[in-house]
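Spelled out from the first residue to the last, the chains are:
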Amino acid sequence: MLLFKKVDHLKSFLSKERKNGKSIGFSPTMGALHQGHVSLVKRSIEETDISICSIFVNPTQFDDKKDLQKYPRTTGEDIDLLESIGTDIVFLPDVEEIYPNGQDAPHGFDFGAMANHMEGAHRDGHFDGMAQVVKRLLEIVEPDFIYMGQKDYQQQALVKVMLQQMDTNCELVRCDIIREPDGLAMSSRNVRLNEEDRKTAGKISETLRLAKEEAKSHSLQSVKENALKRLDIPQFTVDYFEIINAFTLQPISEFEEAESVVACTTVRIGGIRLLDNMILK
Ligand code: AMP
């Protein structure tokens, strides 16, 4: 496995490989890697000639500076894990490499109403920071495929829009959510949960599973009401539980309004934000 820290070195290495006809698969991450991340990189290893995983905790997508400070950083273990699964390249840039001209440059994408709800409504500037860093990373890596998790449903839908608006042939590969045995979606933030909160956190995916069951026979309003009742647990603060059109990301009021429907939720437990979602139909 090769490790790059400098943009120029990585770019010149990749441009040679591209000239040799090699396909490039890219999995951007913020590190503290778990089996969810591993699933993206493994898929890239299977499907492309050169698999790159970046580890960069992007300061511009954190509206809460405490969350940024407390974000787990386990670079040594991450490198070992990536090497053990056969990753070709790990890219570990520092903030100056990614933002040589400062952190304020506008990303220039038009997300319409897709970025307004859910994470967009609860994390000020989050998607601007996300778009900024993904754009920069795409310009550096110029991958043929970018591997992203369904876990961040809204994020990967916005990246799809970015790819349409950029001059690129890069394709988005959406990867399934990898879960713990009790159903909790794997997340770098899970390690910050205390023992009791960790046990209760399983209720998030259970609620989504039951919503999927109920969606077969109940109205959307009653599915949503039941889900909110199940999430009404003293340790939980529910930022949102939305049932949305899978393509436009807009909340709907009846299942018949959309061909494909997703339930998305974010719950805070002990100050830790946990995202999850499930495709209902
Ligand atoms: P992050 O390090 O949280 O920025 O995530 C990097 C990538 O890994 C994103 O595309 C996430 O959607 C994906 N990812 C995070 N958690 C999971 C999971 N449990 N299952 C599948 N993909 C995930």
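Above this text sits the structure in question.
Description of the structure in this document. Please read all numbers here as calculations on a predicted model, not as lab measurements.

A few points about the overall build of the protein
Part 1 of the argument: Broken down by element type, the protein carries 11 helices and 9 strands.
Part 2 of the argument: Against the 2.2 N^0.38 benchmark of 19 Å for 281 residues, the protein shows a C-alpha radius of gyration of 19 Å, consistent with a compact globule.
Part 3 of the argument: Its C-alpha atoms put the protein at 55 × 40 × 35 Å along the principal axes.
Part 4 of the argument: Considering only intrachain contacts with a sequence separation of at least 6, the fraction spanning at least 24 residues in the protein is 73%.
Part 5 of the argument: Summed over all atoms, the accessible surface of the protein reaches about 13,400 Å², with 47% contributed by carbon and sulfur.
Part 6 of the argument: Charged side chains in the protein number 34 positive and 45 negative. The centres of these two groups are separated by 2 Å.

Looking at the pairing of strand 8 (residues 261–269)
Part 1 of the argument: Along strand 8, 8 of the 9 residues are buried, which leaves the element largely enclosed by surrounding structure.
Part 2 of the argument: Relative to strand 8, strand 7 (residues 236–245) is paired through 9 bridges, and the arrangement is antiparallel. By the bridge assignment, E242 is partnered in strand 8 with C264.
Part 3 of the argument: Taken together, the 8 bridges between strand 8 and strand 9 (residues 272–279) define a ladder with antiparallel strand orientation. Note that in strand 9 the partner of A263 across the bridge is M278.
Part 4 of the argument: In this antiparallel pair of consecutive strands, strand 8 and strand 9, the connection spans 2 residues, and G270 shows a positive phi of 55°.

Overview of unusual backbone geometry
Part 1 of the argument: The phi torsion at A32 lies on the positive side, around 50°, for a residue other than glycine.
Part 2 of the argument: Take A32: it is sitting in the loop between strand 2 (24–29) and helix 2 (35–47).
Part 3 of the argument: Residue A32 is classed as buried on the basis of its relative accessible area of 11%.
Part 4 of the argument: Positive phi, close to 65°, is recorded for L249, a residue that is not glycine.
Part 5 of the argument: Residue position: L249 is located in the loop between strand 7 and strand 8.

Quick notes on the environment of Q150
Part 1 of the argument: Tracing the backbone through its elements, the reader meets Q150 in the loop between strand 5 (145–149) and helix 8 (153–165).
Part 2 of the argument: Each residue touching Q150, except ones within four places of it in the same chain, is listed here: Q156, R174, C175, D176, I177, N277 and I279.
Part 3 of the argument: Looking at Q150, its side chain comes within polar contact range of the side chain of N277, at 2.7 Å.

Focus on helix 11 (residues 220–230)
Part 1 of the argument: The set of residues buried in helix 11 consists of L220, V223, N226 and A227. Down the axis of helix 11, the smallest arc covering the buried residues is 130°, so these residues share one side.
Part 2 of the argument: Residues of helix 11 that are buried make contact with helix 10 (202–214) and strand 7.

Digging into the site of the ligand
Part 1 of the argument: Residues in close proximity to the ligand total 16 residues, the closest being M30, H37, D152, I178 and M186.
Part 2 of the argument: Note that an oxygen atom of the ligand is positioned 2.9 Å from one of the backbone N or O atoms of G149.
Part 3 of the argument: Contact between the ligand and I178: a nitrogen atom at 2.9 Å from a main-chain N or O atom of the residue.
Part 4 of the argument: Alone, the ligand offers 490 Å² of accessible surface; in the complex the protein occludes 93% of this.
Part 5 of the argument: Looking at the shell around the ligand, the elements that each hand over two or more residues are strand 2, helix 2 and strand 5.
Part 6 of the argument: Per-class residue counts for the shell around the ligand are 8 nonpolar, 5 polar and 3 charged.

Looking at the packing of aromatic side chains
Part 1 of the argument: Summed over all chains, the structure comprises 4 aromatic pairs.
Part 2 of the argument: Here F4 and F13 contribute two aromatic rings whose centre-to-centre distance is 5.5 Å and whose plane-to-plane angle is 45°, an arrangement assigned as tilted.
Part 3 of the argument: On the basis of relative accessible area, F13 is assigned to the partly exposed category, the value being 24%.
Part 4 of the argument: Ring centres of F62 and Y71 lie 5.7 Å apart, and the angle between their planes is 80°; this geometry places the pair in the edge-to-face category.

Cut-offs and rules
Residues numbered from 1 in each chain as written. Predicted model: local features only at pLDDT ≥ 70, side-chain atom pairs only at ≥ 80, totals over all residues. Heavy atoms only, no water. Helix = DSSP H or I, 4+ residues; strand = E, 2+ residues; numbered from the N terminus. Rg over C-alpha atoms; globule rule 2.2 N^0.38 Å. Contact = heavy atoms within 4.5 Å. Areas by Shrake-Rupley, 256 points an atom, 1.4 Å probe, with all protein chains shown as cover. Lys, Arg positive; Asp, Glu negative; His and termini not counted. Charge placed at Lys NZ, Arg CZ, Asp CG, Glu CD. Buried < 20%, exposed > 50% of the residue type's maximum accessible area, 1.4 Å probe, protein only. Pairing = 2+ DSSP bridges. Polar contact = N/O pair within 3.5 Å; in protein donor to acceptor, adjacent residues only side chain to side chain. Arc of directions from axis to C-beta. Near = heavy atom within 4 Å. Nonpolar A, V, L, I, M, F, W, Y, C, P; charged D, E, K, R; others polar. Phe/Tyr/Trp six-rings, centres within 6.5 Å; stacked < 30°, edge-to-face > 60°.

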